[in-house]
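These are the residues of each chain, in order.
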2 protein chains.
Amino acid sequence: AANIDSQTSHKTIELPGLVSISTYVPTFETETAASDVEAVTKAALAAGFTFTSISPVTESGSFIVDARTLTRAHELSQGSTYTDFSFGVAATESNPTQIQHVSSLTSSLLVRSEEFLKNKLASTSAHFGVWPERKPIVTDTKTTDLASVLLLASLYSRQIHVTGVTSKDDLALITMSKSKGLQVTCDVSVYTLFLSQEEYPGATFLPTKEDQKALWDNIESIDCFSIGQVPSLLAKFVGKPAVPGAGISDTLPLLISAVAENKLTFDDIVAKLHDNPIKIFNLRDNESVIEINVDRATSSLKNTKQQWSPFAPNQLKGAVERVHMNGQTVCLEGEFVVAEALGRENAFFVQHPSALTATPSAQEAQLA
Amino acid sequence: AANIDSQTSHKTIELPGLVSISTYVPTFETETAASDVEAVTKAALAAGFTFTSISPVTESGSFIVDARTLTRAHELSQGSTYTDFSFGVAATESNPTQIQHVSSLTSSLLVRSEEFLKNKLASTSAHFGVWPERKPIVTDTKTTDLASVLLLASLYSRQIHVTGVTSKDDLALITMSKSKGLQVTCDVSVYTLFLSQEEYPGATFLPTKEDQKALWDNIESIDCFSIGQVPSLLAKFVGKPAVPGAGISDTLPLLISAVAENKLTFDDIVAKLHDNPIKIFNLRDNESVIEINVDRATSSLKNTKQQWSPFAPNQLKGAVERVHMNGQTVCLEGEFVVAEALGRENAFFVQHPSALTATPSAQEAQLA
Ligand SMILES: [Zn+2]
Ligand SMILES: [Zn+2]
Ligand SMILES: [Zn+2]
Ligand SMILES: [Zn+2]
Ligand SMILES: [Zn+2]
Ligand SMILES: [Zn+2]
Ligand SMILES: [Zn+2]
Ligand SMILES: [Zn+2]
């Protein structure tokens, strides 16, 4: 069981297994999907994440959108998922009816900025109408589109989580809405706390320096930290290949560097990467534990691949020495000490405990 | 007392005195204001309107914004107002505190698109916080800004009235919000039901032909008709002088032409220009009656001034032959048969019955 002693300052600390609420698998719809899921969840586990909520969006756009594509995602992930996991489903112009059939099998509904622009309020309103009240709707919309989505959440009394906040104004809108009783929460991608448009002019997916400062100044208003798509977007922006799992191993070391600078506490990290995600996304706590040597460079671990990162190797300290999950040590010194992928589906267990055995794809096809 | 027999089809009909919920006085802040108020309210009375809610906005922008400017508006209107009347107050970036002092003396708070763009949500949110729950907030915002204002109305449980709707999408958003329990109502300017960007290319304050069709198709979702600023904007657009009272005399004849074409009923006119405005703006019903000869050209009346209008004189039938208000006939065959302006302030009577006597400006100055 988890035994957190994050208050003390000795070199090795124990934290509960981290939760990634937005894990991006770039090529889910292709033949390499299974190996991508494996690569992403292995990177996540080695980096301290014992749970990953897999985004329904790939490089090509919305992928998990109905029972058929959800079943396909299950098939591709079967035996390839090293962390516990759940799937989200994406809202599209044409799928409010399909959404009903998969809402009990997914952890959240994603209302994307891109789709929202096309569909306007009418279609998105239909999604809010059919989505269950007690499961979060996640959105990456910004500015006035965000206000529109919050309006829908308010009118339909739905729980809304804003992912990847990058601006002061959006955070103020969220905070104000929360203070008036709206069930709204939010996250920032960890990269956006450390990188800005000042270092990468033209990278509009990053905050301005001023907005970044506002995120830090209001860090207590931010419910969760996420990884999201920002590391992949940045790799693409600078002309590097976006490998599956980009940015995941940087996440915890970056936050630990902020603890060293007294900008965060370990309690903040636990709250925003474990407690709050579990509460907001109604996840089963898998009671995992990770051991971190806060002074040791992550590059010293055995699994280290040569991936491009915007951060210098010696900047990133906080090596995850052990990951203990589902009753056993699964990762030691960066190496996997289990023979197979042991990840269990979370929302799946919660909603239909018996269905993962035998032939899930056949069973789920009935739901379409 | 009003005796409505709008169901029958004889030439002369009686309707209750009409309510103008958005009456534009172009030059309120100048020396000619008193004569402008007189010209506008005389035009309104002759055209069948026995109540006018005077807009806090002039050609130069927001005018009634605090106790001082409201007192000034009272002084200018004193003895010049031929209809019963009330004043609105406009939200600006700097006046949420002042708004508190005048909310009981005004009929509504106007959140203008132009100001909203400058102030964003923070300042407007402050206005919603101080404005009374039982008085409408009026807004002319559109598209995503409208969604933001509706969000504020939802979060603050405030009554919101959207004025001058011109698009299908905005009407759909309003209708959806109303169906989910938001206290939202709306009006369209009568000009926008009869004129479009097809006839006036580039006049973006008019609807497209497609949007205009949607307004007619959903006419039952529109709570009120208004006059608003559209006639003045159109005059300016075609290079004609915008005289005080532009468009007022066209309003009822245009609607009567729609009755003749079976696109409206007289009951619709009474609902949208009398019953609903009184209910929404919490007005005292002044029990006035107007008599209209539906087949007679308005140009045959004695008061007819040569104003520019986009409509041919013979198009406009429905002459208001008599206006009976506050216990007497005040207008007969287009001529005023009273020696002085008898208009009474409505919100004023409701909220502080004794204050209009003696020296209102001195009394109101205390409130600032
Ligand atoms: Zn254990
Ligand atoms: Zn310890
Ligand atoms: Zn499934
Ligand atoms: Zn835990
Ligand atoms: Zn009478
Ligand atoms: Zn009659
Ligand atoms: Zn007054
Ligand atoms: Zn009446």
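Refer to the structure above for everything that follows.
Here's what I pulled together on the structure shown here. (Residues numbered from 1 in each chain as written. Chains lettered and ligands numbered in written order. Predicted model: local features only at pLDDT ≥ 70, side-chain atom pairs only at ≥ 80, totals over all residues. Heavy atoms only, no water.)

**Points about the overall build of chain A**
Scanning chain A for helices and strands turns up 13 helices and 15 strands. Burial analysis of chain A (368 residues in total) assigns 58% to the buried set. Nonlocal contacts in chain A, meaning residues at least 24 apart in sequence, comprise 72% of its contacts between residues at least 6 apart. As displayed, chain A has an accessible area near 14600 Å², and 50% of this comes from carbon and sulfur atoms. (Helix = DSSP H or I, 4+ residues; strand = E, 2+ residues; numbered from the N terminus. Buried < 20%, exposed > 50% of the residue type's maximum accessible area, 1.4 Å probe, protein only. Contact = heavy atoms within 4.5 Å. Areas by Shrake-Rupley, 256 points an atom, 1.4 Å probe, with all protein chains shown as cover.)

**Let's talk about the relation of the copies chain A and chain B**
Superposition record for chain A on chain B: RMSD 0.0 Å, screw rotation 179°, translation along axis 0.0 Å. Taken together, these values place the two copies in the relation of a two-fold axis. Among all residues of chain A, the one whose C-alpha sits closest to the rotation axis is Leu151 of chain A, at a distance of 2.3 Å. When the interface residues of chain A are mapped onto chain B, 100% of them again lie at the interface, so the same face is used by both copies. (Least-squares fit on C-alpha atoms with pLDDT ≥ 70 in both.)

**Examining the interface of chain A and chain B**
Contacts between the two partners involve 19 residues from chain A and, on the opposite side, 19 residues from chain B. The junction of chain A with chain B conceals about 1500 Å² of combined surface from both sides, 71% of it contributed by carbon and sulfur atoms. When the buried area of chain A at its contact with chain B is split by residue, Leu151, Leu155 and Lys180 of chain A rank highest and sum to 36% of it. For the pair chain A and chain B, the interface holds zero salt bridges. Where chain A packs against chain B, one counts two residue pairs in polar contact (both at pLDDT 80 or more). Every element with two or more residues in the side of chain A that touches chain B is listed here: helix H4 (113–130), helix H5 (143–156) and helix H6 (168–179) of chain A. For the side of chain A that touches chain B, the element with the most residues is H5 of chain A, which contributes ten residues. Residues belonging to the side of chain A that touches chain B are distributed by class as follows: ten nonpolar, five polar and four charged. (Buried area = accessible area lost by both parts, 1.4 Å probe. Salt bridge = Lys/Arg side-chain N within 4 Å of Asp/Glu carboxyl O. Polar contact = N/O pair within 3.5 Å; in protein donor to acceptor, adjacent residues only side chain to side chain. Nonpolar A, V, L, I, M, F, W, Y, C, P; charged D, E, K, R; others polar.)

**What to know about the packing of aromatic side chains**
Any aromatic ring pair is given by two values, namely how distant the centres are and how the planes are angled relative to each other. Using the criterion set out here, one finds twelve aromatic pairs over all chains in the structure. Between Phe85 of chain B and Phe87 of chain B, the ring centres sit 5.5 Å apart and the planes meet at 70°, which makes this aromatic pair edge-to-face. Taking the relative accessible area as the measure of exposure, Phe85 of chain B reaches 7% and is therefore buried. Stacked on the ring of Trp216 of chain A, the Lys or Arg Lys263 of chain A has its end atom at 4.3 Å from the ring centre. (Phe/Tyr/Trp six-rings, centres within 6.5 Å; stacked < 30°, edge-to-face > 60°. Lys NZ or Arg CZ within 6 Å of the ring centre and 35° of its normal.)

**Concerning the coordination of the zinc ion (ligand 4)**
All names here are of chain A. Coordination of the zinc ion (ligand 4) by the protein is provided by His274 (NE2), Asp285 (OD) and Asp285 (OD), with metal-donor distances spanning 1.9 to 2.5 Å. Taken together, the positions of His274 in helix H11 (residues 266–280) and Asp285 in the loop between H11 and strand E12 (289–297) put the pair eleven residues apart, joining distant regions of the chain. For Asp285, a relative accessible area of 28% gives the class partly exposed. (Donors = N, O, S within 2.8 Å, 3.2 Å for Na, K, Ca; no water.)

**Section: unusual backbone geometry**
Residues and elements named next belong to chain B. In the Ramachandran plot, Asn326 falls in the positive-phi region, its phi being about 50° despite a non-glycine side chain. Inspection of the secondary structure puts Asn326 in the loop between strand E13 (317–325) and strand E14 (328–332). With a relative accessible area of 25%, Asn326 lands in the partly exposed category. The backbone of Glu333 sits at a positive phi, close to 55°, despite the residue not being glycine. Looking at the element boundaries, Glu333 is found in the loop between E14 and strand E15 (335–336).

**Quick look at the pattern of salt bridges**
All names here are of chain A. For the structure shown, the criterion picks out 18 salt bridges over all chains. Linking Lys178 and Asp223 is a salt bridge whose minimum nitrogen-to-oxygen distance equals 3.1 Å. Of the two residues, Lys178 sits in helix H6 while Asp223 sits in the loop between helix H8 (209–217) and strand E11 (224–226), which places them 45 residues apart along the sequence. The partly exposed category is assigned to Lys178, whose relative accessible area is 32%. Here Asp223 falls in the buried class, since its relative accessible area comes to 13%.

**What to know about the sheet that holds strand E10 (residues 184–189) of chain A**
Residues and elements named next belong to chain A. Read across the sheet, eight strands follow the order E2-E3-E6-E7-E8-E9-E10-E11 without closing on themselves; strand pairing throughout is parallel. If you trace the sheet from one side to the other, it starts and ends with strand E2 (18–23) and E11, each paired once. Mean inter-strand twist for the sheet, computed between neighbouring axes without regard to direction, equals 30°. Here strand E7 (residues 108–111) runs beside strand E8 (residues 137–139); their pairing, made up of three bridges, is parallel. Residue pairing for E8: Val111 is matched across the bridge by Thr139. Where H6 meets the sheet, its contacts fall on strand E9 (160–162) and E10, and the angle it forms with E10 comes to roughly 155°. (Pairing = 2+ DSSP bridges. Axes fitted to C-alpha atoms, helices over the stretch in contact; angles between N-to-C directions.)

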